[in-house]
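Geometric and topological summary
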Amino acid sequence: MNENQTVGIVLAGGQSRRFGSPKSFAEKDGKSFYQWSIDTLVPVVNSIVLITNRELEKKFIDRGKVAVYTDIEQHSGKGPLAGIYTAMTKKPATWYAVIPTDVPFMDKKVFERLGNDRETGKQAIIPIVNGRLQPLIGYYHVSLKPIIEKLLEADRLNMVALLDEAQVTYVQFEDETPFININRLEDYERYFSTD
């Protein structure tokens, strides 16, 4: 493993129950949400993996240099922690830049700013946006892998449970725009309706 390797993790395995269809394939400016997430990470990582579920896996075809994986069997369906663990298992690196697919306004500058704090000796670099924690966006160090595994085995699946056990640098952001989350169909219509 190269000491300076950073792998991007695109989390695309959510059920999208509140959205009504897989959010990853919703579009902004003619480009799928998941592609926006990939494009955000390209300038700041060495390679990218996309983690999804078995139902969606075949829809992510011809992704070029982006490897597509489903969760490791024993942790299948256990949410973002399982996705991060799967990526850490499949693609060894020192750091992992994590992004979901439902933040189509995300800017690479957010990851550039977060990335500046990787030399602090901490295990996670996470944004706080006007007081709100954003644990699905940020950098996670490979040293967290055994902690993630322990949490998965205990079914403690909340991302905050991981941060509670990690050494974390929190980075304050005031501009909420990059962090806008398209969770429901109403959110999509609010930002992308052509009416």
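Residues numbered from 1 in each chain as written. Predicted model: local features only at pLDDT ≥ 70, side-chain atom pairs only at ≥ 80, totals over all residues. Heavy atoms only, no water.

1. Quick notes on the nonpolar core
Cut-off, in case you're wondering: As used in this record, nonpolar core signifies buried Ala, Val, Leu, Ile, Met, Phe, Trp, Tyr and Cys residues forming a set joined through side-chain atoms within 4.5 Å. A simple rule labels every residue: compare its accessible area, found with a 1.4 Å probe on the protein chains alone, to the largest value its type can have, and call it buried under 20%, exposed over 50%, or partly exposed in between. Only runs of H or I of at least four residues qualify as helices and only runs of E of at least two qualify as strands under DSSP, and these elements are numbered from the N terminus. Here, two residues are considered to be in contact whenever any of their heavy atoms come within 4.5 Å of each other.
With 29 residues, the main nonpolar core has Ile9, Ile84, Tyr140, Leu144, Ile148 and Leu162 as its most contacted residues. Of all the secondary structure elements, the ones that give two or more residues to this core are strand S1 (6-11), strand S4 (47-52), helix H2 (79-90), strand S6 (95-100), strand S7 (124-129), helix H4 (145-153) and helix H5 (159-165). For this core, the leading source of residues is H2, giving six residues. Once residues within four sequence positions are removed from consideration, Ile9 is found in contact with Leu41, Val49, Ile51, Ile84, Ala87, Tyr96, Ala97, Val98 and Ile99.

2. Structural notes on a nonpolar patch on the surface
This is how it is decided: The patch calculation keeps residues exceeding 30% relative accessible area without a salt bridge and links them within 9 Å when they carry like charges or within 5 Å when they are nonpolar (Val, Leu, Ile, Met, Phe, Trp, Tyr). For every accessible area listed, the method is Shrake-Rupley and the probe measures 1.4 Å; residues are considered covered only by the protein chains on display. Salt bridge, as used here: a side-chain nitrogen of Lys or Arg that lies within 4 Å of a carboxyl oxygen of Asp or Glu.
Residues Leu133, Val160 and Tyr170 make up a contiguous nonpolar surface patch of roughly 220 Å² in combined accessible area. For Leu133, the location among the structural elements is in strand S8 (residues 132-133).

3. Overview of the pairing of strand S9 (residues 138-141)
How we decide: Pairing between two strands is assigned when DSSP locates at least 2 bridges connecting them.
Burial of the side chains of S9 extends over both faces: Gly138 and Tyr140 are buried on one face and Tyr139 and His141 on the other. By the bridge criterion, four bridges tie S6 to S9 in an arrangement that is antiparallel. The residue of S9 that forms the bridge with Tyr96 is Tyr140. Where S7 lies against S9, two bridges are found, and the strand directions are antiparallel. By the bridge assignment, Ile125 is partnered in S9 with Tyr139.

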